[in-house]
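# Architecture at a glance
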Amino acid sequence: IPNFDPWADLGGGLAGSAGTPSLAGTSLLYPHFPFTLSLSGALGGAPATLVVGLSAIGAPFKGGVLIPSPDLLLPGLVVLPQGGFQLATQWPGGVPSGLSLYFQAWIADAAGPQGFSASNGLRAQTP
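Thresholds, definitions, all that
- Numbering of residues starts from 1 in every chain and runs along the sequence as written.
- A pLDDT threshold of at least 70 governs which residues receive local features in this predicted model, and a stricter bar of 80 or more applies before side-chain atom pairs are shown or counted, although totals over entire chains, interfaces and linings include all residues.
- Each side-chain value is worked out from all heavy atoms of the structure, with water and hydrogens disregarded.
- Helix and strand definitions follow DSSP, with helices as H or I runs of at least four residues and strands as E runs of at least two, each counted in order from the N terminus.
- The buried label applies to any residue whose accessible area, calculated with a 1.4 Å probe on protein chains only, is under 20% of its type's maximum; exposed applies above 50%, and partly exposed to all values in between.
- Two N or O atoms count as a polar contact when they lie within 3.5 Å, although within protein this holds only if one can serve as hydrogen donor and the other as acceptor, and sequence-adjacent residues are included solely when both atoms are side-chain atoms.
- Two residues form a contact once any of their heavy atoms are found within 4.5 Å.
- One bridge is not enough; two strands pair if DSSP finds at least two bridges between them.
- Comment: axis = line fitted to C-alpha atoms, over the contacting stretch for helices; angle = value between 0 and 180 degrees taken between N-to-C directions.
- By nonpolar core we mean a set of buried residues, namely Ala, Val, Leu, Ile, Met, Phe, Trp, Tyr and Cys, connected to one another through side-chain atoms within 4.5 Å.

## Quick look at the side chain of threonine 126
Mapping threonine 126 onto the fold places it in the segment after β11 (121-125). Classification of threonine 126 as buried rests on a relative accessible area of 5%. In this structure the side chain of threonine 126 is engaged in a polar contact, spanning 2.6 Å, whose partner is the backbone oxygen of proline 96. In terms of polar contacts, threonine 126 uses its side chain to reach the backbone amide nitrogen of glycine 98, at 3.0 Å. Not counting the four nearest positions on each side in its chain, threonine 126 is found in contact with Phe4, Leu29, Trp91, Val95, Pro96, Ser97, Gly98 and Leu99.

The structure is reproduced here in structure tokens:
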């Protein structure tokens, strides 16, 4: 397996009551390899939405910056009491080489500007 780091931290987190949440990815993004997104540093018990996009837009949103284009929203996630969550699966087959996907978690948090905190933006690029 070639040495390739498919992940890039794009910054843009928005602090809330537990600090600035952090989103990290773990996978080489090869077909059928394990794939995990992990959130930490968020308000425990809070509802969250994962935003997934095919491009980065960096648009002002809820007092922060929405990094990904909102092409896919995964609402209904709940931050565990420890301040995070993990989403784990396998990377699908057939994803073209060089494709970039962008991720960011938004968390309901009264201590954040306009009632939200947000993780950093994260870019995953397939080898």
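## A closer look at the pairing of strand β4 (residues 47-53)
The element β4 is extensively covered by neighbouring structure, given that 5 of its 7 residues are classed as buried. Relative to strand β7 (residues 72-78), β4 runs antiparallel, the two sharing 5 bridges. Considered in β7, the bridge of leucine 50 is made with leucine 74. Pairing analysis gives 6 bridges linking β4 to strand β9 (residues 100-108), with the strands arranged antiparallel. Bridge pairing in β9 places valine 51 opposite glutamine 104.

## Brief notes about the sheet that holds strand β8 (residues 85-90)
Pairing in this open sheet of 3 strands is antiparallel, and the strands run β2-β3-β8 from one edge to the other. Each of the sheet's edge strands pairs with one partner strand only, and the pair in question is β2 (22-26) and β8. Between one strand axis and the next, the sheet turns through 10° on average, direction left out of account. Pairing of strand β3 (residues 34-40) with β8, which is carried by 6 bridges, proceeds in the antiparallel orientation. The residue of β8 that forms the bridge with leucine 37 is leucine 87.

## Thoughts on the nonpolar core
Across soluble globular proteins, you tend to see nonpolar side chains buried next to one another. Judged by nonpolar contacts, the single largest core of 21 residues is most densely connected at Trp7, Leu39, Leu50, Phe103 and Ile107. Broken down by secondary-structure element, the contributors of at least two residues to this core are β3, β4, β9 and β11. Other than its neighbours up to four places away in sequence, isoleucine 107 contacts Pro21, Leu39, Ala42, Ala46, Pro47, Ala48, Val79, Gly115, Phe116, Ser117, Ala118 and Ser119. Counting residues in hydrophobic clusters, the runner-up holds 5 residues, among them Leu14, Val51, Leu66 and Trp106.

Note that all results are geometric; they support no functional claim without further evidence.
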